[in-house]
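# Topology and contacts: notes
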Amino acid sequence: MRKSLLLIILIGLAFMSFPAPQAKAMDPITIALLAPVAMAAAEKAQPYILRGLKGGLKGFCDMGMDMIDIFRLPLGVLQVTLGAPFGYFKDGIRNVVLGFVAPFKLAFHTVMLPVRFCGF
């Protein structure tokens, strides 16, 4: 009882020591003055934004394919062991190799995703 009361007091003091955040609003007039400037900047940046989004989408598709390829490892092991008498040994070896490489490709594509969003 004593430990839980002390813990509750300590947690309460920790949360009460930080002040509540203050709201800071912008004047509506300032927003009205800056809207035309923001629209002009958005129109000029539109081709670059679309190119970056297309590159990012391609990066996400590559990552999705790599995630699916990870499941080739257990499939390949089953093909090599149980499917060998039925002629699946060659396909099993191929799936084992592709499944083994897939996590490394996924890590590489994950690291390269921000670069793809830049449009490269």
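Residues numbered from 1 in each chain as written. Predicted model: local features only at pLDDT ≥ 70, side-chain atom pairs only at ≥ 80, totals over all residues. Heavy atoms only, no water.

## Focus on the overall build of the chain
- A count of helical and extended segments in the chain gives 4 helices and 0 strands.
- Seen in sequence order, the chain has helices and strands lined up from the N terminus as α-α-α-α.
- The C-alpha radius of gyration computed for the chain amounts to 28 Å, which surpasses the reference 14 Å derived for 120 residues by more than 25%, pointing to a less compact arrangement than a globule.
- Expressed along its principal axes, the backbone C-alpha trace of the chain runs to roughly 75 × 65 × 15 Å.
- In the chain, which comprises 120 residues, the proportion classed as buried is 15%.
- Nonlocal contacts in the chain, meaning residues at least 24 apart in sequence, comprise 66% of its contacts between residues at least 6 apart.
- Here the chain contributes 12 positively and 6 negatively charged side chains, and the mean placements of these two sets differ by 7 Å. (Helix = DSSP H or I, 4+ residues; strand = E, 2+ residues; numbered from the N terminus. Rg over C-alpha atoms; globule rule 2.2 N^0.38 Å. Buried < 20%, exposed > 50% of the residue type's maximum accessible area, 1.4 Å probe, protein only. Contact = heavy atoms within 4.5 Å. Lys, Arg positive; Asp, Glu negative; His and termini not counted. Charge placed at Lys NZ, Arg CZ, Asp CG, Glu CD.)

## Overview of helix H1 (residues 2–16)
- Relative to the 21 Å expected for 15 residues at 1.5 Å per residue, H1 spans 21 Å between its end C-alpha atoms, a close match to the ideal helical length.
- The buried fraction of H1 amounts to 0 of the 15 residues, a small share that puts the element mostly on the outside. (Expected span 1.5 Å × (residues − 1).)

## Description of the packing of aromatic side chains
- All told, the structure shown has 2 aromatic pairs when counted by the stated rule.
- Centroid distance Phe60 to Phe117: 5.9 Å. Interplanar angle 70°. Geometry classified as edge-to-face. With a gap of 57 residues between them, Phe60 in helix H2 (residues 28–69) and Phe117 in helix H4 (residues 89–117) connect regions that are remote in the sequence.
- Both rings, one in Phe100 and one in Phe104, keep their centres 5.8 Å apart while their planes meet at 65°; by these two values the pair is edge-to-face. Taken together, the positions of Phe100 and Phe104, both in helix H4 and 4 residues apart, correspond to about one turn of that helix. In this pair, the class of Phe100 matches that of Phe104, namely exposed. (Phe/Tyr/Trp six-rings, centres within 6.5 Å; stacked < 30°, edge-to-face > 60°.)

## Side note on H4
- In a regular helix each residue adds 1.5 Å, so 29 residues correspond to 42 Å; H4 covers 40 Å between its end C-alpha atoms and thus fits that length.
- In the structure, H4 departs most strongly from a straight axis at Val111, where the bend amounts to approximately 35° and where the proline Pro114 lies between one and four residues downstream.
- Residues of H4 that are buried make contact with H2 and helix H3 (72–81).
- Of the residues flanking the end of H4, it is Gly119, one or two places downstream, whose phi is positive at about 100°. (Bend = angle between axes of the 7 residues up to and from the residue.)

## Considerations on the side chain of Asn95
- By the element assignment, Asn95 lies in helix H4.
- For Asn95, the side chain forms a polar contact with the side chain of Arg72, separated by 3.4 Å.
- Ignoring anything within four residues of it in the chain, the contact list for Asn95 reads Arg72, Leu73, Leu75, Gly76 and Gln79. (Polar contact = N/O pair within 3.5 Å; in protein donor to acceptor, adjacent residues only side chain to side chain.)

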